[in-house]
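# Examining the three-dimensional arrangement
Each chain is listed here by its residues.
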Amino acid sequence: MNNSGGNKRGGSRPNSSRPSSNKPKPAMAKRAQGPKKAKPTTKVEEKTVDKVAKKPNPTAKRPKNDGEIRLNKYISNSGACSRRDADIYIQSGNVKVNGVPVTEMGYMVKPGDVVNFDGMTLIPERKEYLLLNKPKNFTTSFDENDMNRNVAELVRGATNAKIQAVGRMDKNTTGLLLFTNDTDMIRKFSLPNQKSSKIYQVSLDKNLKFEDLEKIASGVTLDGHRLFVEEISYIENEPKTEIGLKLRTSNVKVVRAIFENFKYDVIKIDRVAFAGLTKKNLPRGNWRFLTEQEIINLKNI
């Protein structure tokens, strides 16, 4: 047993001596790894320096001066088409600036430049924004079969710009209707996922039951889609047929459908507030231009 123990000890010594002879190898590996770690660091630093050096170049190529505007926005402002469609025309080579075809996306038009769009010289319109307090028996429809008068009659002569109504209103709906030639704003307020609130005064054929009011307040499902109602209440000092409704949609048909879903007939809808704009000092059938601050507020929604 002692001999075998001696053998084990004897065998362990040579084994222990081998690792001791290998100890410098890890150290050599560490020394070899030192320069390797330094190399990628140097490359990263070089790349970082290159990136920093390259960043100013695009800015230097295209400094933004006062009065410059992107070509697609210039075309959109002229009323020729939307920005997206303008991009397609630009890429296809159908747009010229000062007689030279431009296919570069993001090209900046300078004051005095002559822009030719699909064979026609463009003259961009000044952006106009006006608010109408729409009366009854006028519609936003341009259907030739519609015997009702169009709201365009009420704002005719206000401006030479090609303005159009934002959203739709039937003949029985009254209240605030925004007009503009700003295609970006028209598109924004036509989207289903509105961020701005509208307030409607709704007249019903009978008193709205309190339990129905609570159900509407908790949200309504229409055609499989859940509609969020921000606020609903009886109008103070008015019969319970007069309801105030606050929600984000500008689609008046949705307002009507909410109450019809609970078996009420809607007699009248009046939009009393639109994205922060109100009917204050604006009699029925009259219009006014928006103030600069009101335009800024609408653009920031």
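Residues numbered from 1 in each chain as written. Predicted model: local features only at pLDDT ≥ 70, side-chain atom pairs only at ≥ 80, totals over all residues. Heavy atoms only, no water.

### Considerations on the packing of aromatic side chains
- Inspection of the entire model under this criterion finds three aromatic pairs.
- With centroids separated by 4.5 Å and ring planes inclined at 50°, the aromatic side chains of Tyr-89 and Phe-117 adopt a geometry described as tilted. Here the residue Tyr-89 occupies a position in helix α5 (residues 83–91), and Phe-117 occupies one in strand β5 (residues 115–117), the gap between them amounting to 28 residues.
- When its relative accessible area of 6% is taken as the criterion, Phe-117 is described as buried.
- With centroids separated by 5.2 Å and ring planes inclined at 85°, the aromatic side chains of Trp-287 and Phe-289 adopt a geometry described as edge-to-face.
- Stacked on the ring of Phe-274, the Lys or Arg Lys-198 has its end atom at 5.3 Å from the ring centre.
- Over the face of the ring belonging to Tyr-264 we find Lys-206, whose NZ or CZ atom lies 5.3 Å from the ring centre. (Phe/Tyr/Trp six-rings, centres within 6.5 Å; stacked < 30°, edge-to-face > 60°. Helix = DSSP H or I, 4+ residues; strand = E, 2+ residues; numbered from the N terminus. Buried < 20%, exposed > 50% of the residue type's maximum accessible area, 1.4 Å probe, protein only. Lys NZ or Arg CZ within 6 Å of the ring centre and 35° of its normal.)

### Digging into the sheet that holds strand β6 (residues 120–121)
- Taken together, the four strands give an open sheet; going across it, the order is β3-β2-β5-β6, and neighbouring strands pair in antiparallel fashion. In the strand order of this sheet, the two ends are held by β3 (100–101) and β6, each with one partner.
- Pairing of strand β2 (residues 95–97) with β3 involves two bridges; the strand directions are antiparallel. In the strand pairing of β3, Lys-96 is matched with Pro-101. (Pairing = 2+ DSSP bridges.)

### Let's talk about the environment of Arg-288
- With respect to the helices and strands, Arg-288 occurs in strand β19 (residues 287–289).
- By relative accessible area, which is 21% here, Arg-288 ends up partly exposed.
- When the C-alpha atoms of Arg-288 and Tyr-129 are compared, they prove to be 8.7 Å apart, with 159 residues separating the residues in sequence.
- Contact partners of Arg-288, with chain neighbours within four places excluded, come to Tyr-129, Leu-130, Leu-131, Thr-278, Leu-282 and Glu-294. (Contact = heavy atoms within 4.5 Å.)

### Concerning the pairing of strand β17 (residues 266–274)
- As paired strands, strand β11 (residues 173–180) and β17 are joined by three bridges and run parallel to one another. Its bridge partner being in β17, Thr-174 is matched across the sheet by Asp-270.
- Sheet topology places strand β12 (residues 198–204) next to β17; seven bridges connect them, and they run antiparallel. In the strand pairing of β17, Leu-204 is matched with Val-266.
- Two elements, β17 and strand β18 (residues 277–278), share two bridges in a ladder whose sense is antiparallel. Within β18, the residue paired with Phe-274 across the bridge is Leu-277.
- Once β17 ends, the chain turns through two residues before running back antiparallel as β18, passing Ala-275 with a positive phi of about 50°.

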